[in-house]
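Next come the chains, spelled out residue by residue.
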Amino acid sequence: MQTAPSATSAFRRAQMAIDARPPGRLAALALSALLSACAAPVPATDSAPPTDAVCVQGGRLPVGQTCQVRVEAARRETPLPLALAAGDRYRIDVPGGQQWNDWHRLPVDPLAGDDGKDSLPMKLGATFKRMPDEPYMTLGVALRTDGTCRSVRVGTQGQVLALQGAGKVALFANDIPLLNWNNSGSVWVTVQRLPAE
Ligand SMILES: [Ca+2]
């Protein structure tokens, strides 16, 4: 009769261990692993070598200093990896001579983009672009601050981005969502932190 209490005790300990497990923990771990996998950087392919330091993941860029981030045309968007804060101001430049292109299209300057006016499919799909009023393949910046998201075109050298609130910034080639996969090329974008106003 001494084995029954022992077996019961072991069962209760096992049951308590299961009950003590935080609900949803396994699901949270699986989701975390999935998100980490999605955020993994794409290996280098055909980009020009940077002339400045590469922007460091989670790094806080000192005022006046620059770093570079590579933006691949085939990615939906490329996060700016820097640690950002409300009130930050950044100057964006695209060193000359860099090009990327949409499927079967001639390479274009990312500041100019591709108007696609000689292509019927591109004209028909123009309203579905991420920035419908801007050319295909022009460089865009997504600003996600204070729960809002807006996209702006980088159409000139030295464009200044001012962060109105805390959030994240990502860069992308303007295209129809889900059709970035057939783009080619990448460009290095130079980011310089400016003094706050
Ligand atoms: Ca495309």
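Structure: above.
Non-glycine residue Met137 carries a positive phi angle of around 65 degrees. Among the secondary structure elements, Met137 is positioned in the loop between helix H3 (120-124) and strand E4 (139-145). Of the residues examined, Met137 has 27 C-beta atoms within 10 Å and is grouped as buried.

Strand order across the open sheet formed by four strands is E2-E7-E4-E5, with antiparallel pairing between neighbours. Looking at the sheet topology across the chains shown, the edges are occupied by strand E2 (78-79) and strand E5 (148-153).

For the rest of this paragraph, the subject is the sheet that holds strand E1 (residues 66-72). Strand order across the open sheet formed by four strands is E1-E8-E3-E6, with antiparallel pairing between neighbours. What marks the edges here is a single partner per strand, and that holds for E1 and strand E6 (159-162). Taken pair by pair, the neighbouring strands of this sheet meet at an average axis angle of 30 degrees, ignoring direction. For strand E3 (residues 89-93) and strand E8 (residues 186-194), the ladder comprises five bridges, and the chain directions are antiparallel. Pairing of Arg89 across the sheet is with Leu194, part of E8.

Residues Leu171, Val189 and Val191 are the most contacted members of the largest nonpolar core, which totals 29 residues. Broken down by secondary-structure element, the contributors of at least two residues to this core are E1, E3, E4, strand E7 (167-173) and E8. In this structure Leu171 touches Val69, Val71, Glu77, Thr78, Leu80, Leu139, Val141 and Val189, once residues within four positions along its chain are discounted.

Summarising burial for E4: five of the seven residues are buried, a large majority. Taken together, the six bridges between E4 and E5 define a ladder with antiparallel strand orientation. Looking across to E5, one finds that Gly140 is bridged to Arg153. In textbook terms, the turn of a hairpin is the stretch between consecutive antiparallel strands, and for E4 and E5 this stretch comprises two residues, one of which, Asp146, has a positive phi near 50 degrees.

This part is about the environment of Glu197. Residue placement: Glu197 occurs in the segment after E8. Residue classification places Glu197 among the exposed positions, given that 7 C-beta atoms sit within 10 Å. Sequence separation of Glu197 and Arg89 is 108 residues, and the distance between their C-alpha atoms is 8.2 Å.

The subject of this paragraph is the environment of Asp52. Tracing the chain through its elements places Asp52 in the loop between helix H2 (25-38) and E1. For Asp52, a count of 14 C-beta atoms within 10 Å translates into the label partly exposed. For the pair Asp52 and Cys67, spaced 15 residues apart in the sequence, the C-alpha separation amounts to 5.5 Å. Those residues in contact with Asp52 that lie beyond four places of it in its chain are Thr66, Cys67, Gln68 and Thr190.

Procedures and definitions
- Residues numbered from 1 in each chain as written.
- Predicted model: local features only at pLDDT ≥ 70, side-chain atom pairs only at ≥ 80, totals over all residues.
- Helix = DSSP H or I, 4+ residues; strand = E, 2+ residues; numbered from the N terminus.
- Buried ≥ 20, exposed ≤ 12 C-beta atoms within 10 Å, placed from the backbone.
- Pairing = 2+ DSSP bridges.
- Axes fitted to C-alpha atoms, helices over the stretch in contact; angles between N-to-C directions.
- Core = buried A, V, L, I, M, F, W, Y, C linked by C-beta atoms within 7 Å.
- Contact = placed C-beta atoms within 7 Å.

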